[in-house]
Amino acid sequence: MDTPEIFDRAARRLRRDRAQPHFAEHDFLRAAMLDGIAERLDSVTRSFESVLDLGCHDGSFMATPGATIARVDAGARFAAAAGGIQVDEDQPAFADGSFDLIVSAGVLDSVNDLPGALALARRALRPDGLFLAAFTGAGSLTTLRAALREAEGDRPAARIHPQIDVRSAGDLLVRAGFALPVADVETLTVRYAGLGRLLDDLRGMGASNVLRDRRPLRRDTLARLAQAFADRADNDGRTTERFETIYLTGWAPAPSQPQPARRGSATASLAAALKPSGG
């Protein structure tokens, strides 16, 4: 039996197509994610020849010199502009072992089948291939969430996507079969002059509401929301919003990788280690 889908695939594609023409005006969050991915990639000593940019947006990710980059995006306009193909991240598109590096920035938080997407990425990697991803996670948009609760009262509608925390994200890496998994989180804060600027950014990123059961905001609710957001402003008249970025690092298993010690293989016992020294 198929798992019910949380996100409206058609709406997600349409939002991304609408965002494509002016994405450069709202790309600060993905730019920060790519910087974080680049820092993690810099710590890797090996080179990569075949790279997949999974959720490519404007194709701004650049890999090591000489690498061949395949780009895919759920939005047809992003994919076409980047010279890639249109495909959802949780649907098969490549043969097993096609790449030695897969990078994904800013899309996995709105994928219907995230465990499936991670499993597909692991299968598309060659042995000892690297997977690096970044996406918004739990703790993001806390100010907007609080303002929505205030504006809608006791029966708020679902308007912000469910968010995964860093520990669960790490568990999903393990479940997908990645070796040496690492999950960590970084915080980015942005100060907004008003609610409209935040909503413009979310639309411009292609990150507005694509839940299947979404409902439009009524005009009176939107007015209360704008006021609740403004009430949280600082002395400069700006309201702080927070974006929590989860970074995932994992490797396709290979015999050459460090292996955990076999249980019972230790040469000294814990009791001996804790025994007082001397006479």
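Residues numbered from 1 in each chain as written. Predicted model: local features only at pLDDT ≥ 70, side-chain atom pairs only at ≥ 80, totals over all residues. Heavy atoms only, no water.

Describing the sheet that holds strand β2 (residues 68-73)
Taken in spatial order, the seven strands line up as β3-β2-β1-β4-β5-β7-β6 in an open sheet, and their pairing is mixed. Whereas interior strands pair on both sides, the edge strands pair on one side only; in this sheet they are β3 (85-86) and β6 (179-192). Looking at chain direction, strand β5 (residues 125-136) and strand β7 (residues 239-251) are connected through seven bridges and run antiparallel. Of the residues in β7, the one forming a bridge with phenylalanine 135 is isoleucine 246. Relative to β5, helix α4 (residues 114-124) is tilted by about 145°, and along the sheet it contacts β4 (99-105), β5 and β7. (Pairing = 2+ DSSP bridges. Helix = DSSP H or I, 4+ residues; strand = E, 2+ residues; numbered from the N terminus. Contact = heavy atoms within 4.5 Å. Axes fitted to C-alpha atoms, helices over the stretch in contact; angles between N-to-C directions.)

Considering the confidence of the model for the chain
In the predicted model, the chain carries a mean pLDDT of 91, and 90% of its residues have values of at least 70. Per-element confidence in the chain ranges from a low mean pLDDT of 49 for helix α9 (residues 270-274) to a high of 98 for β7. (pLDDT = per-residue confidence, 0-100.)

Focus: the packing of helix α5 (residues 142-152) against helix α8 (residues 219-230)
Contact geometry of α5 with α8 gives a least axis separation of 8 Å together with a crossing angle of 130°. Relative to α8, the element α5 lies oblique. In terms of crossing hand, the pair formed by α5 and α8 is right-handed. Contacts from Thr143, Leu144, Ala147, Leu148, Glu150, Ala151 and Glu152 in α5 reach Thr221, Arg224, Leu225, Ala228 and Phe229 in α8. (Parallel < 35°, antiparallel > 145°, perpendicular 65-115°, else oblique. Left-handed = near helix turned anticlockwise from the far one by under 90°.)

A word on the packing of aromatic side chains
All chains considered together, the criterion is met by four aromatic pairs. Ring geometry for phenylalanine 28 and phenylalanine 243: centres 6.0 Å apart, planes at 75°, overall edge-to-face. With phenylalanine 28 in helix α2 (residues 28-42) and phenylalanine 243 in strand β7, the pair connects residues that are 215 residues apart, well separated along the chain. Classification of phenylalanine 28 by relative accessible area gives partly exposed; the value is 27%. For the ring pair phenylalanine 94 and phenylalanine 99, a centre distance of 5.0 Å and an interplane angle of 80° mean the geometry is edge-to-face. Phenylalanine 94 gets classed as partly exposed once you look at its relative accessible area, which sits at 30%. Seen from the ring of tyrosine 247, arginine 40 lies directly overhead, with NZ or CZ sitting 3.7 Å from the centre. (Phe/Tyr/Trp six-rings, centres within 6.5 Å; stacked < 30°, edge-to-face > 60°. Buried < 20%, exposed > 50% of the residue type's maximum accessible area, 1.4 Å probe, protein only. Lys NZ or Arg CZ within 6 Å of the ring centre and 35° of its normal.)

Examining the nonpolar core
The nonpolar side chains of a soluble globular protein tend to be buried with one another. In this structure, Leu130, Leu144, Leu198 and Phe243 are the most contacted members of the largest nonpolar core, which totals 35 residues. The set of elements that each furnish at least two residues to this core consists of α2, β4, β5, α5, β6, α7 (195-205), α8 and β7. The greatest single-element share of this core, amounting to five residues, is contributed by α2. The residues touching leucine 144, leaving out its near neighbours within four places in the chain, are Ile160, Leu195, Leu198, Leu202, Leu225 and Glu241. Counting residues in each nonpolar core, the second largest holds 27 residues, with Val72, Leu108, Ala121 and Ile164 among its members. (Core = buried A, V, L, I, M, F, W, Y, C linked by side-chain atoms within 4.5 Å.)

With respect to the pattern of salt bridges
One pass over the full model with this rule turns up 24 salt bridges. Note that aspartate 100 is salt-bridged to arginine 46, the shortest N-O span being 4.0 Å. Residue aspartate 100 is located in strand β4, and its partner arginine 46 is located in the loop between α2 and β1 (50-54); the two are separated by 54 residues in the primary sequence. Across the pair aspartate 200 and arginine 203 runs a salt bridge whose closest N-O atoms are separated by 2.7 Å. Here aspartate 200 pairs with arginine 203, and both are found in helix α7, just three residues apart, close to one helical turn. According to the relative accessible area criterion, aspartate 200 is partly exposed, its value standing at 34%. In the salt-bridge network here, residues are joined through shared partners; they are Glu5, Arg9, Arg13, Asp88 and Asp90. (Salt bridge = Lys/Arg side-chain N within 4 Å of Asp/Glu carboxyl O.)

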